[in-house]
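Each chain, written out:
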Amino acid sequence: ITMFSFNGAVFDNHLFLESFDHHEWKIKSQSYLGNEVQIKRFAIKNKTLDFDNEVRFIDAKLFFGPGMSLDKACKTFGCTNLKIAKQSFDIKNFMTADTILANKNKIIEYGLQDIRSTYELMRKMDKYMKKVSETKISIFNCISIANYADKVRDFYHDKKIIIYYNKRREMVEFERNTV
């Protein structure tokens, strides 16, 4: 299962990660991408289930260029579920216990609309990427647009020609810091 949030690296993923500090869940350390400020990706496994399972949490911004907001991305892809405009509701104004409790229903609707917007956006993005790449590769199996491009390249690459993949540690660190 893949769970997307838009700009979740700086907010949502921190909340999710704290919620899974529980004896039934194991955070899969090899899937962690981030630092103490940004959590771009992580995955969890339920330890009580007797079959292989994984839930991946990914920041959808990794599929879009710098400066792209959820609102802009939804408009670009012609989504019908648009993000609630910041002019009418800015979540940053509701960060104290008093303002949260007094505006609980507004905050819930804001969150639900973000979920609807992100869901529609990523479904459209997946369909679009399959169309333009002429493959069946799904963004739901990738961690970023760069990772998607790698998979498309490998799909079309002549298998008789060997590609050298640099597996050195500094390359891995570079990728982690730039994704």
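For the structure, check the block above.
Each value, and the rule that gives it
- Residues numbered from 1 in each chain as written.
- Predicted model: local features only at pLDDT ≥ 70, side-chain atom pairs only at ≥ 80, totals over all residues.
- Heavy atoms only, no water.
- 1 Å grid on protein atoms, 1.4 Å probe; cavity = no way out; pocket = protein on both sides within 12 Å on 5 of 7 lines; lining within 4 Å.
- Points joined across faces, edges and corners; volume = space filled by probe spheres on them.
- Helix = DSSP H or I, 4+ residues; strand = E, 2+ residues; numbered from the N terminus.
- Nonpolar A, V, L, I, M, F, W, Y, C, P; charged D, E, K, R; others polar.
- Phe/Tyr/Trp six-rings, centres within 6.5 Å; stacked < 30°, edge-to-face > 60°.
- Buried < 20%, exposed > 50% of the residue type's maximum accessible area, 1.4 Å probe, protein only.
- Pairing = 2+ DSSP bridges.
- Axes fitted to C-alpha atoms, helices over the stretch in contact; angles between N-to-C directions.
- Contact = heavy atoms within 4.5 Å.
- Salt bridge = Lys/Arg side-chain N within 4 Å of Asp/Glu carboxyl O.

Caption draft 1: Summary view of the layout of surface pockets. Of the volumes computed, that of the largest pocket is approximately 1,200 Å³. Along the walls of the largest pocket sit 35 residues, with Ser5, Phe6, Phe11, Asp12 and Asp114 positioned nearest its centre. Mapped by element, the contributors of at least two residues to the lining of the largest pocket are β1 (2–5), α1 (12–19), α2 (70–76) and α4 (104–133). The element that contributes the greatest number of residues to the lining of the largest pocket is α4, accounting for nine residues. Across the lining of the largest pocket, the residue classes break down as 21 nonpolar, six polar and eight charged.

Caption draft 2: Representation of the packing of aromatic side chains within the structure. A full pass over the atoms with the stated rule returns eight aromatic pairs. Centre to centre, the rings of phenylalanine 42 and phenylalanine 57 are 4.7 Å apart; their planes meet at 10°, and the pair counts as stacked. Linking phenylalanine 42 in strand β3 (residues 39–46) with phenylalanine 57 in strand β4 (residues 55–59), this pair joins segments that are 15 residues apart in sequence. For phenylalanine 57, a relative accessible area of 4% gives the class buried. An aromatic cluster of at least three residues, connected via ring pairs, comprises Phe6, Phe64, Phe77 and Tyr128.

Caption draft 3: Region of interest: the pairing of β4. Among the five residues that make up β4, four are buried, leaving the element largely enclosed by the rest of the structure. Strand direction decides the pairing type here: β1 and β4, joined by four bridges, are parallel. Bridging across to β4, methionine 3 finds its partner in phenylalanine 57. Examined bridge by bridge, β3 and β4 share four bridges and lie antiparallel to one another. Note that in β4 the partner of alanine 43 across the bridge is arginine 56.

Caption draft 4: Region of interest: the sheet that holds β3. As summarised here, the arrangement of the four strands in space is β1-β4-β3-β2, forming an open sheet in which the pairing is mixed. If you trace the sheet from one side to the other, it starts and ends with β1 and β2 (25–34), each paired once. For this sheet, the mean angle separating the axes of adjacent strands, direction not counted, is 20°. Where β2 lies against β3, six bridges are found, and the strand directions are antiparallel. In the strand pairing of β3, isoleucine 27 is matched with isoleucine 44. The strands that α1 touches are β1, β2, β3 and β4; relative to β3, the one it contacts most, it runs at about 25°.

Caption draft 5: Structural view of the pattern of salt bridges. Under the counting rule described, the total for this entry stands at nine salt bridges. One salt bridge connects lysine 45 with aspartate 52, and the closest N-O pair in it is separated by 3.8 Å. With relative accessibility at 27%, the residue lysine 45 sits in the partly exposed group. In this structure, a network of salt bridges that share partners links the residues Lys28, Glu54 and Arg56.

Caption draft 6: Region of the structure containing the pairing of β3. Buried residues dominate β3, accounting for seven of its eight residues. Linkage of β2 to β3, two consecutive antiparallel strands, is achieved through a turn of four residues.

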